[in-house]
Amino acid sequence: MVKLFIDYLLFEVVPTQDDFEKTEHDVRRIFEEFEYTENVSYFVNAVSDTKYDSTWWDEGTLPIALDTVFYNAEAGTIIKPYFEDNTWHMAKLVDIQYRP
């Protein structure tokens, strides 16, 4: 029978105010590019931790910050960067289709 004895350490990494400010600066710079990019999927996959999602969304299924803006908007509408749940978010309405 194999028995294991494990020691481990836990390091809590907490960003400083300077880290937050640098990240916000980077996000604002990325947003400037995002506003004018033609190939949204390529851009998102190049700069985001989350890959491009080509899902068609029904009204009421997006996070409230997006849902309230996008369902009365035109294609091309952009949501500026906002910080929520320790993550920076931004979004662009790429297309609209009316489906049954």
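Right, let's walk through the structure included here. As the structure is a prediction and not an experimental result, all values here were calculated from the model.

With that out of the way, let us pick up the pattern of salt bridges. Enumeration according to the criterion identifies three salt bridges in this entry. For Asp-18, the salt bridge is made with Lys-22, and the minimal N-O distance between the two is 3.3 Å. Of the two residues, Asp-18 and Lys-22 both sit in helix H1 (residues 17–36), four residues apart, roughly one turn of that helix. Arg-29 is the partner of Glu-33 in a salt bridge, and the nearest nitrogen-oxygen pair spans 3.4 Å. Separated by four residues within a single helix, Glu-33 and Arg-29 lie in helix H1, roughly one turn from each other. By relative accessible area, Arg-29 is classed as partly exposed at 40%.

It is worth spelling out the packing of aromatic side chains at this point. The tally for this structure, following the rule as stated, stands at four aromatic pairs. Ring geometry for Phe-20 versus Phe-83: centroids 6.2 Å apart, planes at 90°, classification edge-to-face. Of this pair, Phe-20 sits in helix H1 while Phe-83 is found in strand S1 (residues 78–84), placing the two residues 63 residues apart along the sequence. Phe-20 sits in the partly exposed class, given a relative accessible area of 35%.

Definitions and cut-offs
- Residues numbered from 1 in each chain as written.
- Predicted model: local features only at pLDDT ≥ 70, side-chain atom pairs only at ≥ 80, totals over all residues.
- Heavy atoms only, no water.
- Salt bridge = Lys/Arg side-chain N within 4 Å of Asp/Glu carboxyl O.
- Helix = DSSP H or I, 4+ residues; strand = E, 2+ residues; numbered from the N terminus.
- Buried < 20%, exposed > 50% of the residue type's maximum accessible area, 1.4 Å probe, protein only.
- Phe/Tyr/Trp six-rings, centres within 6.5 Å; stacked < 30°, edge-to-face > 60°.

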